[in-house]
Amino acid sequence: MNIHFDKNTDGLVPAIVQDAVTRNVLMLGYMNQEALSKTLETGKVTFFSRSKNRLWTKGEESGCFLTLVAIKEDCDKDTLLVSVNPTGPTCHTGADTCWQDVNNQSFGFVTELEKTIKQRKENGLSEKSYIASLFEKGINAIAQKVGEEAVEVIIEAKDKNDALFLGESADLLFHYLILLQAKGFTLQHVVDTLESRAR
């Protein structure tokens, strides 16, 4: 890396810290050349503290270190993106992030869909929805629906109509998310299981 530390009179560049797994932004700090070198050498993220006027390794007092995974420079070579595995809360307030957000993994629209399914499950038939009616019928009906959708995906996989294949795939995923909720799980539990197998 050829970071332009000399762009600012204080020799510091912003270092955006991001969780390597969840991709959530945890905090913003500043690094000079010495802080960057120490980070690379020790594998623990080190900043230059403007308030303490010295190098500061995150976690040196709290024990909540940021273990380095990777560092990238931006296109102007004056900002760093630091990918980490946090060993605890990042913010000094005890929150996961300095924006007081919970550092949970998100699957974008699928996570929002899971929230909707959970809401329909909890509110029951008062929602008057297809999802609520499936929960009312019970686990056997939900599991049977997943099986039906899986068969339809297989059938469409053998044809050449991509739109039908994707439509049936969406139906399968949708009903599988309902089945997970019926069993008390989320997609994150499935991802955790897959990750444990990869180790």
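Residues numbered from 1 in each chain as written. Predicted model: local features only at pLDDT ≥ 70, side-chain atom pairs only at ≥ 80, totals over all residues. Heavy atoms only, no water.

## A word on the sheet that holds strand 5 (residues 66-73)
Step number 1: Strand order in the open sheet formed by four strands is 2-1-6-5, with mixed pairing between adjacent strands. Two strands bound the open sheet, and with one partner strand each, they are strand 2 (25-31) and strand 5. Each strand axis lies, on average, 30° off the axis of its neighbour in the sheet, ignoring direction.
Step number 2: Here five bridges tie strand 1 (residues 13-19) to strand 6 (residues 80-86), and the two strands are oriented parallel to one another. Each bridged residue has a counterpart across the sheet, and for Val-17 the counterpart in strand 6 is Val-82.
Step number 3: Against the sheet, helix 1 (residues 33-42) touches strand 2, strand 5 and strand 6, its axis set at about 125° to strand 5. (Pairing = 2+ DSSP bridges. Helix = DSSP H or I, 4+ residues; strand = E, 2+ residues; numbered from the N terminus. Axes fitted to C-alpha atoms, helices over the stretch in contact; angles between N-to-C directions. Contact = heavy atoms within 4.5 Å.)

## Some details on the domain arrangement of the chain
Step number 1: What the domain assignment lists for the chain is domain 1 (13-86) and domain 2 (109-198).
Step number 2: A straight line from the C-alpha centre of domain 1 to that of domain 2 covers 40 Å. (Domains from an automatic or database assignment.)

## Observations concerning the pairing of strand 1
Step number 1: For strand 1, the tally of buried residues reaches five of seven residues, placing the bulk of the element in the interior.
Step number 2: Pairing of strand 1 with strand 2 involves six bridges; the strand directions are antiparallel. The residue bridging Pro-14 from the neighbouring strand is Tyr-30, located in strand 2.
Step number 3: Linking two consecutive strands that pair antiparallel, namely strand 1 and strand 2, is a turn of five residues; a positive phi of about 70° is found at Arg-23 within it. (Buried < 20%, exposed > 50% of the residue type's maximum accessible area, 1.4 Å probe, protein only.)

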